[in-house]
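Summary of structural features
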Amino acid sequence: MKTQDALRQAAQQVMEQVGTVIFGKERVIRQIMTAFVANGHILLEDIPGVGKTTLALAFSKAMELEYHRIQFTPDVLPADLTGFSIYRREEEQFVYQPGSVFCNLLLADEINRTSPKTQSALLEVMEERRVTVEGVTRPVPSPFLVIATQNPLGSVGSQPLPEPQVDRFMISMSIGYPDYDGELRMAKSIGQKSRLDDVSAVLNQKTLLEIQNQACNVHLKDTLYRYLVELIQATRTHPYVEQGGSPRATIALVRLSRASAWLDGRDYVTPQDVEEQLPYVLRHRLVLGADAKLAEVTPEQVISDVLQSVHRPTLEKD
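Residues numbered from 1 in each chain as written. Predicted model: local features only at pLDDT ≥ 70, side-chain atom pairs only at ≥ 80, totals over all residues. Heavy atoms only, no water.

Counting secondary structure elements, the protein chain contains 14 helices and 11 strands. A globule of 318 residues ought to have a C-alpha radius of gyration of about 20 Å, and the protein chain, at 20 Å, matches this closely. For the protein chain, the spread of C-alpha atoms along the three principal axes comes to 70 × 45 × 45 Å. Split into buried and exposed, the 318 residues of the protein chain put 50% on the buried side. Total accessible area computed for the protein chain in this model is approximately 15800 Å², and 50% of it derives from carbon and sulfur atoms. (Helix = DSSP H or I, 4+ residues; strand = E, 2+ residues; numbered from the N terminus. Rg over C-alpha atoms; globule rule 2.2 N^0.38 Å. Buried < 20%, exposed > 50% of the residue type's maximum accessible area, 1.4 Å probe, protein only. Areas by Shrake-Rupley, 256 points an atom, 1.4 Å probe, with all protein chains shown as cover.)

This part takes up the sheet that holds strand β2 (residues 67-71). Ordered in space as β2-β5-β8-β1-β9, the five strands form an open sheet in which the pairing is parallel. The open sheet has two edge strands, β2 and β9 (171-173), and neither has a second partner. For this sheet the average axis-to-axis angle between neighbouring strands, irrespective of direction, equals 15°. Pairing geometry for strand β1 (residues 42-45) and β9, over three bridges, is parallel. If you follow leucine 43 over to β9, its bridge partner there is serine 172. Together, β1, β2, β5 (105-109) and β8 (145-150) form the strand contacts of helix α3 (residues 52-62), whose direction differs from that of β5 by roughly 175°. (Pairing = 2+ DSSP bridges. Axes fitted to C-alpha atoms, helices over the stretch in contact; angles between N-to-C directions. Contact = heavy atoms within 4.5 Å.)

The subject of this paragraph is helix α2 (residues 26-37). Taking 1.5 Å as the rise per residue, α2 with 12 residues should run 16 Å; its terminal C-alpha atoms sit 16 Å apart, in good agreement. For α2, the buried fraction is high: nine of the 12 residues fall into the buried class. Of all the positions in α2, only Val28, Ile29, Gln31, Ile32, Met33, Thr34, Ala35, Phe36 and Val37 are classed as buried. (Expected span 1.5 Å × (residues − 1).)

Let us look at the packing of aromatic side chains. The description of an aromatic ring pair rests on the distance of the ring centres and on the angle between the ring planes. One pass over the full model with this rule turns up three aromatic pairs. Ring centres 5.2 Å apart and planes at 85° place the aromatic pair phenylalanine 36 and phenylalanine 59 in the edge-to-face group. Taken together, the residues span a long stretch of sequence, with phenylalanine 36 in helix α2 and phenylalanine 59 in helix α3 at a distance of 23 residues. Their ring planes at 65° and their centres at 5.3 Å tell us that tyrosine 87 and phenylalanine 94 sit as a pair that is edge-to-face. (Phe/Tyr/Trp six-rings, centres within 6.5 Å; stacked < 30°, edge-to-face > 60°.)

Turning our attention to the nonpolar core. By size, the foremost hydrophobic cluster in this structure holds 73 residues, and its most contacted members are Phe36, Phe59, Met63 and Trp262. No other element matches the nine residues that helix α11 (residues 247-263) contributes to this core. Excluding its chain neighbours within four sequence positions, the residues that come into contact with phenylalanine 59 are Val14, Val18, Ile29, Ile32, Met33, Phe36 and Leu105. The next biggest cluster of nonpolar side chains, apart from the first, holds 25 residues, and it includes Val101, Cys103, Val131 and Ala148. (Core = buried A, V, L, I, M, F, W, Y, C linked by side-chain atoms within 4.5 Å.)

Another point: the side chain of glutamate 110. Mapped onto the secondary structure, glutamate 110 falls in the loop between β5 and α5 (116-119). For glutamate 110, the side chain forms a polar contact with the side chain of glutamine 71, separated by 2.4 Å. (Polar contact = N/O pair within 3.5 Å; in protein donor to acceptor, adjacent residues only side chain to side chain.)

What follows concerns the pairing of strand β3 (residues 83-88). Pairing between β3 and strand β4 (residues 93-98): six bridges, direction antiparallel. Bridge assignment links phenylalanine 84 to a residue of β4, and that residue is glutamine 97. Counting the residues between successive antiparallel strands, the hairpin from β3 to β4 contains four residues, one of them, glutamate 92, with a positive phi of roughly 55°.

A cis amide bond links serine 142 to the next residue, proline 143, at an omega of 0°. Within the fold, proline 143 resides in the loop between β7 (136-139) and β8. Located in the positive-phi region is arginine 129, a residue other than glycine, with phi close to 55°. Among the secondary structure elements, arginine 129 is positioned in the loop between α6 (123-128) and β6 (130-133). A positive phi angle, near 55°, is found at glutamate 134, a position not held by glycine. Mapping glutamate 134 onto the fold places it in the loop between β6 and β7. Assessed through its relative accessible area of 60%, glutamate 134 is described here as exposed.

Summed over all chains, the structure comprises 13 salt bridges. Two residues, arginine 69 and aspartate 109, come together in a salt bridge whose shortest N-O distance is 2.8 Å. Within this pair, whereas arginine 69 is found in strand β2, its partner aspartate 109 is found in strand β5, the two being separated by 40 residues in sequence. Owing to a relative accessible area of 7%, aspartate 109 belongs among the buried residues under this scheme. With a closest N to O distance of 3.3 Å, arginine 248 and glutamate 127 form a salt bridge. Separated by 121 residues along the polypeptide, arginine 248 in helix α11 and glutamate 127 in helix α6 bring together distant segments of the chain. On the basis of relative accessible area, arginine 248 is assigned to the partly exposed category, the value being 25%. (Salt bridge = Lys/Arg side-chain N within 4 Å of Asp/Glu carboxyl O.)

Rendered as structure tokens:
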């Protein structure tokens, strides 16, 4: 078992390796690594061409994770994800063929272009890390992480994800366009060889599991437990919100706050950890009412209101 400093250094090296492929997006890379340390799934809402697939591939190479990608289209079936049985004449029996989810890192590309039936096939595996096909339950490899991308709502062929599935993503975020310096660096790096070829593996599946276990042990004071619960509950009474953060949002905020503190080299969580992670946890979970649309209120504005309305605790020595 590696020491805490060695594990933290390995996590930092993963982010550095991904940074050699995705330029000028250090904050995005850090947040995705935080979600991985917290053992959570990620929802990316972005326009095409900003590097979502490259980002997922770079992380999988840097952490030696088995990687699968599935392009969601209207004709993708649930069995493509969970697997199916086919009859083998030579064996005179049905043999199970694993689906795309049997990997460590699954990129579910353009998830909101497929049917709700296929989208719902991810529900069990994202929550319980297992799939049930034809009455038989099979665990997926550990760790199991999902990066799903969706086109902006209103794009041709897109449809909203069902709320139960959206809630299973620990965070949602956007990569966005690169800045001028990042795009210039990208342009200059174009050559015959792919930049992904230079990404080196700096940890493996076992090491990532050790990191996740260590992050779970980061201390969280009672005052901070109360603080983050009050933040989530405040979303449920906000006048512009029809549906606030679920209990699953509370769990996600605890795990992400610990992961953020661990990556910063601390064995305790601060109010700043909680506040930094709150928008990523809530952005996709808040369902705003008709009044919010008329007033042009965004989820980000609601989150800002919540942070201002809930008293921020101070850390005192135990």
